[in-house]
Amino acid sequence: MDNKTYSRKHLGIAVVTTTILAAVMFAGAFFFVTHNQEPRREQLGEIAANETDPAVWGNYYPLHYQTYQENFNNTEKPSHFETKPYMKPLYAGLGFANEFNEPRGHVYTLEDIREIDPSRYKTGAACNTCKSSQIPGLIEKYGDKYYTMSFEEINSQLKDPIACLNCHDPKTMELKITQPALIQAFERQGKDITKATRQEMRSLVCAQCHVTYYFKPESKILTFPWDNGIKADEILAYFDEDNFSEWKHPDAGTGLVKVRHAEYETFMGSTHQTAGLACADCHMPYVKIGNTKVSSHNWTSPLKTIDQSCAVCHREGSEWLTARVKDTQEKTKEVQDLAGEAVVQAINELKTAGETPGVNAELLAQAQEMHRKGQWYLDYVMVTNGYGFHNPAESLNNLGKAIDYAHQARQLAKDARVKTSE
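Predicted model only: the values in this text are computed from it and were never measured.

**Student:** Give me the overall build of the protein: which residues, what numbers.
**Tutor:** Each helix and strand counted, the protein has 17 helices and 6 strands in total. Taking all 422 residues of the protein together, 45% fall into the buried category. For the protein, the share of sequence-separated contacts (at least 6 apart) that also reach a separation of at least 24 residues comes to 68%. Of the accessible surface of the protein, which amounts to about 22,100 Å², a share of 55% is contributed by carbon and sulfur atoms.

This is the structure:
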């Protein structure tokens, strides 16, 4: 066989091989594309701008709604008092001392608030603010009058718990802020929340409710106390500047402020947040359902979805990751328990001092000031979900301050009894 015949033969083989490979690649690409796109569904029309029912949204986004439905699996709501018995004496004088349970999650918000001890309703309609997708519409309807209405006047109108409309624009599905208090808090700091990036929004939609807040004394308007900043000391300074106290402790005589679940404030500045992560990266990981990848709307602990939530970045394995998280949480809980006992001891000493005839009023006032600070820093960690994991360093630092202030309060109260006024 001459060289020319040999070359033609191999050229023919190459052409045939290339054709076969191209056909295989085309078939593979076609298979991948057709099997990894969102399934076709009947076009039902546009979701109404005021649609609060998550089931209606589920007609358009069935897989997302399927994960939302998984929230109903969380049926347990144990009392905080079972693992933190010091909460009862800390909250004496507040409804929280009568009943304070672990949260069951967004889908149970209305059911749980209707079953809780009525002493928790003292702020009126505002108690409903983070409990339903209907609230933004009712605030728009009533304006500031909403906050001065009774609990029942608003609650009786609610049928849908926290749902899609709280966080999404029904027309574009873009993340959307619907909580006036968050918008106003940004404005008072000179910030425009509409300039937030999409990644920032994946935390800010959570910050609509997972924050600490209070109600203005006269207007009852829900307010985020962030004017000085969003950290524990900055928020306490905000209240101190106005001499604001939410209630007076019946035993210690101290004017106190109640912390609410400051998840967003604690998370900001943490290792994960400064690395560019948002709340949704860990609590709403991407999951695969059939041939489709969706962001899970089952809001739960990342420990339950550790492969999707943590292993995307961390390669050490689920057992190692779980052990690290639990180690942080157990150490935080251990220090928190020490702080809890220290503050209770301070309260007991203040009670004794207050009942002492001729007690030194100046030292007693100083002791109460230390108690106010100690309980604030403890409460800031104690009621924030995650047992310190959202920001371990800051959580332990706040607990250290709580212990120190509690010891100061106790000693000053003792001194006030010894150095009685003449």
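**Student:** Explain empty space enclosed by the protein residue by residue, including any values.
**Tutor:** With a probe scaled to a water molecule rolled over the atoms, the places where space remains empty come into view. Considering all chains together, one arrives at 4 cavities of 30 Å³ or more under this definition. Taken as a whole, the largest cavity encloses approximately 70 Å³ of empty space. Classifying every residue of the lining of the largest cavity gives 8 nonpolar, 3 polar and 1 charged.

**Student:** I'd like a description of the state of the cysteines, backed by residues and values.
**Tutor:** Two cysteines whose sulfur atoms are joined by a covalent bond form what is called a disulfide. Enumeration over the complete set of coordinates arrives at 1 disulfide. Sulfur-sulfur distance for the disulfide between Cys130 and Cys209 comes to 2.2 Å. Residues Cys130 and Cys209 are joined through a disulfide that is left-handed, its torsion about the S-S bond being -95°. Within this pair, whereas Cys130 is found in the loop between α5 (109-115) and α6 (135-142), its partner Cys209 is found in the loop between α9 (198-204) and β1 (214-215), the two being separated by 79 residues in sequence. We note that Cys130, like Cys209, is buried.

**Student:** I'd like a rundown of the packing of helix α16 (residues 361-382) against helix α17 (residues 392-418), residues and numbers included.
**Tutor:** In the contact formed by α16 and α17, the axes pass within 7 Å of each other and the chain directions differ by 160°. It follows that α16 is roughly antiparallel to α17 by the angle criterion. For the crossing formed where α16 meets α17, the hand is left-handed. Its residues assigned to classes, the contact of α16 with α17 shows 15 nonpolar, 6 polar and 4 charged.

**Student:** Can you explain the pairing of strand β6 (residues 292-295)? Please cite residues and give values.
**Tutor:** As paired strands, strand β5 (residues 286-289) and β6 are joined by 4 bridges and run antiparallel to one another. Among the inter-strand pairings, Ile289 is bridged to a residue of β6, identified as Thr292. The turn joining β5 and β6, which pair antiparallel and follow one another in sequence, is formed by 2 residues; a positive phi near 65° is taken by Gly290.

**Student:** Please set out the nonpolar core residue by residue, giving values where relevant.
**Tutor:** If you look at the biggest cluster of nonpolar residues, it comprises 80 residues, and the most contacted ones within it are Leu90, Tyr91, Phe224, Trp226 and Trp376. No other element matches the 10 residues that α16 contributes to this core. Among all residues touching Trp376, those that are not within four sequence positions of it are Ala232, Ile235, Leu236, Phe239, Val257, Lys258 and Val259.

**Student:** Describe the packing of aromatic side chains, naming the residues involved and giving the relevant values.
**Tutor:** For the structure shown, the criterion picks out 18 aromatic pairs. Where Trp226 meets Tyr264, the ring centres are 5.7 Å apart and the plane angle is 25°; that geometry is what we call stacked. One end of the pair, Trp226, is in the loop between β2 (222-223) and α10 (232-241); the other, Tyr264, is in helix α11 (residues 263-267), with 38 residues separating them in the sequence. As far as burial versus exposure is concerned, Trp226 and Tyr264 are alike and both buried. Taking the centre distance of 5.3 Å and the plane angle of 80° together, the rings of Tyr238 and Phe239 count as edge-to-face.

**Student:** Explain the environment of Lys159 to me, using residue names and the numbers behind them.
**Tutor:** Along the chain, the position of Lys159 falls in the loop between α7 (151-155) and α8 (180-188). Judged by its relative accessible area of 57%, Lys159 is exposed. Considered as a pair, Lys159 and Thr52 are 107 residues apart in the sequence and their alpha carbons are 9.0 Å apart. Once you skip the residues sitting within four places of it in the chain, Lys159 turns out to touch Thr52, Asp53, Leu110 and Gln134. Here the side chain of Lys159 touches Asp160 through a polar contact of 2.8 Å, side chain to side chain.

**Student:** Tell me about the pattern of salt bridges, and name the residues and values.
**Tutor:** Tallied over the entire structure, the rule returns 17 salt bridges. Asp112 is the salt-bridge partner of Arg104, the closest N and O atoms lying 2.5 Å from each other. Per residue, the accessibility class of Arg104 equals that of Asp112, and both read buried. One continuous salt-bridge network, built from bridges that share partners, spans Lys77, Arg104, Glu111, Asp112 and Glu115.

**Student:** Just give me the short version of the layout of surface pockets, but keep the residues and values in it.
**Tutor:** If you add up the space inside the second largest pocket, you get close to 330 Å³. Forming the boundary of the second largest pocket are 20 residues, of which Phe186, Glu200, Leu204, Tyr264 and Met268 lie nearest the centre. Breaking the lining of the second largest pocket down by element, the ones donating at least two residues are α9 and α11. Counting residues per element, the lining of the second largest pocket draws most heavily on α9, at 4 residues. Broken down by class, the residue content of the lining of the second largest pocket amounts to 11 nonpolar, 5 polar and 4 charged.

**Student:** Before we move on, could you go through the packing of helix α15 (residues 318-354) against α17 and cite the residues and values that matter?
**Tutor:** Axis separation between α15 and α17 bottoms out at 8 Å; the angle between their running directions is 20°. By the criterion of interaxial angle, the relationship of α15 to α17 is roughly parallel. Seen along the crossing, α15 lies across α17 with a hand that is left-handed. Grouping the constituent residues of the contact of α15 with α17 by class yields 16 nonpolar, 6 polar and 5 charged.

**Student:** I'd like a rundown of the environment of Cys310, residues and numbers included.
**Tutor:** Tracing the backbone through its elements, the reader meets Cys310 in the loop between α14 (306-309) and α15. Owing to a relative accessible area of 16%, Cys310 belongs among the buried residues under this scheme. Put simply, Cys310 and Asp281 are 29 residues apart on the chain and 8.9 Å apart in space, counted from C-alpha to C-alpha. Leave out the neighbours within four places in its chain, and Cys310 touches Pro302, Thr305 and Leu321.

Conventions and cut-offs
- Residues numbered from 1 in each chain as written.
- Predicted model: local features only at pLDDT ≥ 70, side-chain atom pairs only at ≥ 80, totals over all residues.
- Heavy atoms only, no water.
- Helix = DSSP H or I, 4+ residues; strand = E, 2+ residues; numbered from the N terminus.
- Buried < 20%, exposed > 50% of the residue type's maximum accessible area, 1.4 Å probe, protein only.
- Contact = heavy atoms within 4.5 Å.
- Areas by Shrake-Rupley, 256 points an atom, 1.4 Å probe, with all protein chains shown as cover.
- 1 Å grid on protein atoms, 1.4 Å probe; cavity = no way out; pocket = protein on both sides within 12 Å on 5 of 7 lines; lining within 4 Å.
- Points joined across faces, edges and corners; volume = space filled by probe spheres on them.
- Nonpolar A, V, L, I, M, F, W, Y, C, P; charged D, E, K, R; others polar.
- Disulfide = S-S within 2.5 Å.
- Axes fitted to C-alpha atoms, helices over the stretch in contact; angles between N-to-C directions.
- Parallel < 35°, antiparallel > 145°, perpendicular 65-115°, else oblique.
- Left-handed = near helix turned anticlockwise from the far one by under 90°.
- Pairing = 2+ DSSP bridges.
- Core = buried A, V, L, I, M, F, W, Y, C linked by side-chain atoms within 4.5 Å.
- Phe/Tyr/Trp six-rings, centres within 6.5 Å; stacked < 30°, edge-to-face > 60°.
- Polar contact = N/O pair within 3.5 Å; in protein donor to acceptor, adjacent residues only side chain to side chain.
- Salt bridge = Lys/Arg side-chain N within 4 Å of Asp/Glu carboxyl O.

It is worth stressing that arrangement in space is one thing and function is another; only the former is reported here.
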